[in-house]
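Listed below are the residues making up each chain.
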Amino acid sequence: MSVEAPSPAVKLAPEWLTEALMELQYRFPLSETPYQDVAERLGIDRETLLEHLKRLNREGLLKRVGFYFNYRAARRKAALIAVSTSKPEEATKLFAKMLEITHSYLRSHPVYNLWVVGKHPDPEAIVAAAREVAEKHGNGKWIVLWGVRTHRLSVKYDLYRGVSRAGPMGRVAQNPPTPEDLGIPSRYARSLRVLPLEPRPYRVLAAKLGLDEATLHSYMLELLDKGILGDPGAALDGHRLGFTYNAMFTLAPREGVELPRLCSWVVENVDEATHVVERSVTPPGAWRHLCYFMFHSVDESKAAPVRDRISRSDVVDDVLVIPSIKDMLPGVIR
């Protein structure tokens, strides 16, 4: 592990807890005893580690420990929806009645100020929701940015550098099988999104599902290998830890550069990008910055080097940075 002092914005006690959270984010053990393994790496008692993790969970700093469930394995469509509205709370509530909403942010953009991530099996339902919200709670202006391909999804925080940094297993399978294709019920896969903060988390989960520990653990490894699960480890509340600046970076490619190449360049060159998504837009032609990623940091100044690095790339024509103003769904486990 790094011997650097943690960022002044990250104040955790005891001191080893910062290193523990880094281990749980970036080197999460895939054994049946992940907390024991981390405790041994740090040279501390397992029960002491679990006691502090439970405290951080109660305080909201630790959202969960577990796996990302790839929504494509559930055959749902997801989109980033932007509308112009003077009533963001009412707009968010209306979206939530029509779609599964995982994010809703007020953001600083001259036209579109509310940005929502919505999921639904029917793409037309997403477009209809965008249109209805824009008409009822705004001036009728909306766009839907479809997730054509997610190149990376890994929301993790480097507590030493004070910036977001993707984990080692953040790449997303584009066409994974469903759990049922593997003979595994979906509820087993979904249960692994949150691992109990207990000495043997798979044993606790397995008992609730009517399985044995070894079977559930073997399912986890298979689901992870097939891309149904991903990005294992701790999910932190970055804002509570001092990562108060977050922004959407949207990129337009240079002439002759295809979007997949641009997004692949971001994955290879921007570790700070927590999501990297290639998008298309409805209505067609309404938005040209179709490679998207999120950036988080303890202060705005840390975004400048990232923007400079991108601007010097020979595949990028333009960079539009859209900072977040307010999370309309704080505390949601994603």
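Residues numbered from 1 in each chain as written. Predicted model: local features only at pLDDT ≥ 70, side-chain atom pairs only at ≥ 80, totals over all residues. Heavy atoms only, no water.

Side note on the overall build of the chain
Part 1 of the reasoning: In terms of regular secondary structure, the chain is built from 10 helices and 12 strands.
Part 2 of the reasoning: Its C-alpha atoms give the chain a radius of gyration of 20 Å, within 12% of the compact-globule value 20 Å for 334 residues.
Part 3 of the reasoning: Structurally, the chain occupies a C-alpha span of about 55 × 45 × 40 Å along its principal axes.
Part 4 of the reasoning: Counting only residues that meet the buried cut, the chain has 56% of its 334 residues in that class.
Part 5 of the reasoning: Of the contacts formed within the chain by residues at least 6 apart in sequence, a portion of 74% connects residues at least 24 apart. (Helix = DSSP H or I, 4+ residues; strand = E, 2+ residues; numbered from the N terminus. Rg over C-alpha atoms; globule rule 2.2 N^0.38 Å. Buried < 20%, exposed > 50% of the residue type's maximum accessible area, 1.4 Å probe, protein only. Contact = heavy atoms within 4.5 Å.)

What about the packing of aromatic side chains?
Part 1 of the reasoning: Applying the stated criterion to the full structure yields nine aromatic pairs.
Part 2 of the reasoning: On the numbers, 5.7 Å between centres and 70° between planes, the contact of tryptophan 115 with tryptophan 287 is edge-to-face. In this pair, tryptophan 115 is assigned in strand β4 (residues 114–120) and tryptophan 287 in the loop between β10 (275–282) and β11 (291–297), connecting sequence segments 172 residues apart. With respect to burial, tryptophan 115 and tryptophan 287 carry one shared label: buried.
Part 3 of the reasoning: Their ring planes at 15° and their centres at 4.8 Å tell us that phenylalanine 249 and phenylalanine 293 sit as a pair that is stacked. Here phenylalanine 293 lies in strand β11 and phenylalanine 249 lies in strand β9 (residues 245–253), a separation of 44 residues in the sequence. (Phe/Tyr/Trp six-rings, centres within 6.5 Å; stacked < 30°, edge-to-face > 60°.)

Structural notes on the nonpolar core
Part 1 of the reasoning: Ranked by internal contacts, the top residues of the largest apolar core, which has 46 residues, are Tyr35, Phe67, Leu159 and Leu192.
Part 2 of the reasoning: Every element with two or more residues in this core is listed here: α1 (16–26), α2 (34–42), α3 (46–59), β1 (62–69), α6 (186–191), α7 (201–209), α8 (213–225) and β8 (229–236).
Part 3 of the reasoning: Ranked by size, the runner-up nonpolar core spans 40 residues in total, among them Ala247, Leu262, Val276 and Phe293. (Core = buried A, V, L, I, M, F, W, Y, C linked by side-chain atoms within 4.5 Å.)

Notes on unusual backbone geometry
Part 1 of the reasoning: Put simply, alanine 13 and proline 14 share a cis peptide bond, and its omega is -5°.
Part 2 of the reasoning: Relative to the elements of secondary structure, proline 14 occurs in the segment before α1.
Part 3 of the reasoning: Geometrically, the link from threonine 282 to proline 283 is a cis peptide bond, its omega value of 0° lying close to zero.
Part 4 of the reasoning: As for its placement among the helices and strands, proline 283 is situated in the loop between β10 and β11.

Description of the pattern of salt bridges
Part 1 of the reasoning: Taken as a whole and assessed by the stated rule, the structure comprises 15 salt bridges.
Part 2 of the reasoning: With a shortest N-O distance of 3.4 Å, aspartate 237 and arginine 240 are connected by a salt bridge.
Part 3 of the reasoning: By sharing partners, the salt bridges in this structure join Glu32, Arg200, Arg203 and Glu213 into a single network. (Salt bridge = Lys/Arg side-chain N within 4 Å of Asp/Glu carboxyl O.)

Digging into α1
Residue pairs spaced three or four apart in an α-helix point in one direction, given the helix's 3.6 residues per turn.
Part 1 of the reasoning: With nine of its 11 residues buried, α1 lies for the most part within the structure.
Part 2 of the reasoning: Considered for burial, the residues of α1 that qualify are Leu17, Thr18, Ala20, Leu21, Met22, Glu23, Leu24, Gln25 and Tyr26.
Part 3 of the reasoning: Buried residues in α1 make contact with α2, α3, β6 (157–158) and β8.

Details of the pairing of strand β3 (residues 100–107)
Part 1 of the reasoning: The buried fraction of β3 is high, at six of eight residues.
Part 2 of the reasoning: Linking two consecutive strands that pair antiparallel, namely β3 and β4, is a turn of six residues.
Part 3 of the reasoning: The pairing of β3 with strand β12 (residues 316–327) spans three bridges and is antiparallel. Residue leucine 106 lies in a different strand from β12, and its bridge partner there is lysine 326. (Pairing = 2+ DSSP bridges.)

Quick notes on the pairing of β9
Part 1 of the reasoning: The buried fraction of β9 amounts to eight of the nine residues, a majority that puts the element mostly inside the structure.
Part 2 of the reasoning: Inspection of the sheet shows β9 paired to β11 by seven bridges, in the antiparallel sense. Counted as the bridge partner of tyrosine 245 is serine 297 from β11.
Part 3 of the reasoning: Across seven bridges, β9 lies against β12 in antiparallel orientation. Along β12, the bridge assignment pairs alanine 252 with aspartate 318.

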